[in-house]
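Geometric and topological summary
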2 protein chains.
Amino acid sequence: MAGSKKLQDIKVAVDAVVFGYFDKKELQVLLIQRNIEPFKGGWALPGGLVLDDENLDDAVKRELCEEAGIKPDFLEQLYTFGNVGRDPRNRVVSVTYLGLVNPSYHELAADSDADDAQWFGINSLPELAFDHQTIIDTALKRLRTKIQYQPVGFNLLNGEFAFSELENLYKTIVGQEIDRRNFRKKIMSYGLLNETDNFKKEGSGRPGKMFTFNQEKYKELEEQGFYFELK
Amino acid sequence: MAGSKKLQDIKVAVDAVVFGYFDKKELQVLLIQRNIEPFKGGWALPGGLVLDDENLDDAVKRELCEEAGIKPDFLEQLYTFGNVGRDPRNRVVSVTYLGLVNPSYHELAADSDADDAQWFGINSLPELAFDHQTIIDTALKRLRTKIQYQPVGFNLLNGEFAFSELENLYKTIVGQEIDRRNFRKKIMSYGLLNETDNFKKEGSGRPGKMFTFNQEKYKELEEQGFYFELK
DNA sequence: GCAAAAGTGTTAAACCTACACCCATGG
DNA sequence: CCATGGGTGTAGGTTTAACACTTTTGC
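The rules behind these values
Residues numbered from 1 in each chain as written. Chains lettered and ligands numbered in written order. Predicted model: local features only at pLDDT ≥ 70, side-chain atom pairs only at ≥ 80, totals over all residues. Heavy atoms only, no water. Helix = DSSP H or I, 4+ residues; strand = E, 2+ residues; numbered from the N terminus. Buried < 20%, exposed > 50% of the residue type's maximum accessible area, 1.4 Å probe, protein only. Contact = heavy atoms within 4.5 Å. Lys, Arg positive; Asp, Glu negative; His and termini not counted. Charge placed at Lys NZ, Arg CZ, Asp CG, Glu CD. Pairing = 2+ DSSP bridges. Least-squares fit on C-alpha atoms with pLDDT ≥ 70 in both. Buried area = accessible area lost by both parts, 1.4 Å probe. Salt bridge = Lys/Arg side-chain N within 4 Å of Asp/Glu carboxyl O. Polar contact = N/O pair within 3.5 Å; in protein donor to acceptor, adjacent residues only side chain to side chain. Nonpolar A, V, L, I, M, F, W, Y, C, P; charged D, E, K, R; others polar. Near = heavy atom within 4 Å.

For chain A, an unreviewed UniProt entry supplies the name NUDIX hydrolase and the organism Chryseobacterium hagamense.

Below, the structure is given as structure tokens:
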């Protein structure tokens, strides 16, 4: 760390790309309508400046809570965007996060000042402020990769889910057909799903068994060098 | 981006973990001896504050050039460390990078103000300033993972290398024995190595053919959805 | 001719892929 | 009884893993 230059004038922000997966259609992204300039009235990722005495992780969590009443089930650092000129006002370096929430957040809470927060389908996003479209692209790419070697998909489902929901989720995220039988065999072979006594009731057709993901067992296996992997 | 709070007082720095691989032993990390407080006289990663009108990537490149006369063959963002208290003076958020250099950097340039830059074996690091040990740990972990699904190892070798050098590199980084025959078959099967007419002269035993890595072909294949992978 | 590293094939096991029919439910 | 989605097995091909001897060179 050198630095003998005048006074650095750079702001540090955090922004989050939070994905949700509701009603078996496309992935959704959480956006906030801006009520200040620049891009006033436009849509942007939730986020904001980091407080002086606040860790980065805490800052994102705070912003998500304040702006949308959301506590993601999964949240990890994505990438730091800091090019000159990405914010027209002054230099802002933004540490971005990738978040995943379960379907209980479909209806955004009426508590909090969340009235300008909204879910948008990944394929029908509005024009976005700053370089936020790039950030979303980066997040999507990461999610697509990550879901193939870490069991993060479960964070987008309810605690209890039918197998077909998992199937649809993977089809949606990876964006291609999967072989139902092979997929089930593979997932089941890891022994990470616990069968419950419940059955999926909504929808037509034969009701499917509900499963839960065994997080503890996964952690255990992981420590022994096990790698979740789909191909 | 909310922010109506007083004035944010956070500095933005970049730091780099640059790895080198020389004389077939352990991986080496580039460290700089600090000549200012805090940790004056101690060892730290190369890096420093970002200039107001400078992109993050440019900032790391500049610092590496200034502090050690090095231009890495491979350089990518690693992680952003920004916890309160990681710098005893004031709040510093550090965007860290992972860099790889080829063996021509073994002797650090006499140009530049590089006299306090030095290579340290990954297993014999001195006490490090700030949270730099954590950063190195993160970088090592990333390198170990990355080398298994992206051909980054070649950036640690000379343009022309013997197969055994590649072998040793993988053994060193992954930290376990590999089957020479299977490894060679696998690598060769990708058709990404060009045979040269040269032979390795140093060392005893039968001289090995020298190869070069075909970067162009790799880029091409990559665009067609090809994934380099070792297992 | 000895020590040191380079070069090379085969076989069994594991894993992946492709593929189609019957089952349980609600209407 | 029909429509809808749930649940299941097998065979062929590909990939991985394990394993040891011959070749070339310098000394």
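Moving on from the coordinates now.
1. Thoughts on the overall build of chain A
The helix and strand inventory of chain A stands at 5 helices and 10 strands. Taken along its principal axes, the extent of the C-alpha atoms in chain A is 65 × 40 × 30 Å. Put simply, chain A has 231 residues, and 49% of those count as buried. At a minimum sequence separation of 6, the contacts of chain A that also span at least 24 residues come to 67%. Counting 30 positive and 37 negative side-chain charges, chain A places the centres of these two groups 7 Å from one another.

2. Quick look at the pairing of strand β7 (residues 117-121) of chain B
Residues and elements named next belong to chain B. Of all the 5 residues making up β7, 4 are buried; the element is thus mostly covered by neighbouring parts of the structure. Of the pairings in the sheet, the one linking strand β2 (residues 28-33) to β7 comprises 5 bridges and is antiparallel in character. Looking at the pairing, I32 lines up with A117 of β7.

3. Section: the relation of the copies chain A and chain B
With an axial shift of 0.0 Å and an RMSD of 0.0 Å, the rotation relating chain A to chain B amounts to 180 degrees. Taken together, the rotation and translation relating the two chain copies correspond to the operation of a two-fold axis. Here 100% of the contact residues of chain A are again contact residues in chain B; the copies associate through an equivalent surface.

4. What about the sheet that holds strand β9 (residues 193-199) of chain A?
Residue and element names in this part refer to chain A. Taken together, 3 strands build an open sheet; the order of strands is β8-β10-β9 and the sheet is antiparallel. Each end of this open sheet is capped by a strand with a single partner; those strands are β8 (161-162) and β9. Two strands pair when backbone bridges link them, and β9 and strand β10 (residues 209-213) are joined in this way by 4 bridges, in the antiparallel orientation. Note on β10: the bridge partner recorded for L193 is F213.

5. Structural notes on the interface of chain A and chain B
Contacts between chain A and chain B engage 42 residues on the former and 42 residues on the latter. Buried area between chain A and chain B, summed over both chains or domains, comes out near 3400 Å², and the portion from carbon and sulfur atoms is 50%. Linking chain A with chain B are 0 salt bridges. Taken together, chain A and chain B are joined by 17 residue pairs in polar contact (both at pLDDT 80 or more). Broken down by element, the side of chain A that touches chain B gets its largest block of residues, 4 residues, from strand β5 (residues 74-81) of chain A. Among the residues forming the side of chain A that touches chain B, the class breakdown is 17 nonpolar, 10 polar and 15 charged.

6. Let's talk about the protein's contact with DNA strand D
The environment of DNA strand D is formed by 20 residues, the closest being S164, R180, R184, G205 and R206 of chain A. Of what DNA strand D places within 4 Å of the protein, 42% of the atoms are sugar or phosphate. In the model, a base nitrogen of DNA strand D is placed 2.9 Å from a nitrogen or oxygen of the N182 of chain B side chain. A distance of 3.1 Å separates a base oxygen of DNA strand D from a polar atom in the side chain of R206 of chain B. Residue classes in the surface near DNA strand D are distributed as 2 nonpolar, 6 polar and 12 charged.

7. Here's the deal with the sheet that holds strand β8 (residues 161-162) of chain B
In space, the 3 strands of this open sheet follow the order β8-β10-β9 (chain B), with antiparallel pairing throughout. Where the open sheet ends on each side, the last strands, each with one partner, are β8 and β9 (193-199) of chain B.

8. Details of the side chain of R91 of chain B
Take R91 of chain B: it is sitting in the loop between β5 (74-81) and β6 (92-100). The side chain of R91 of chain B is buried and forms no salt bridge, while D52 of chain A, the nearest opposite charge, is found at 5.8 Å.

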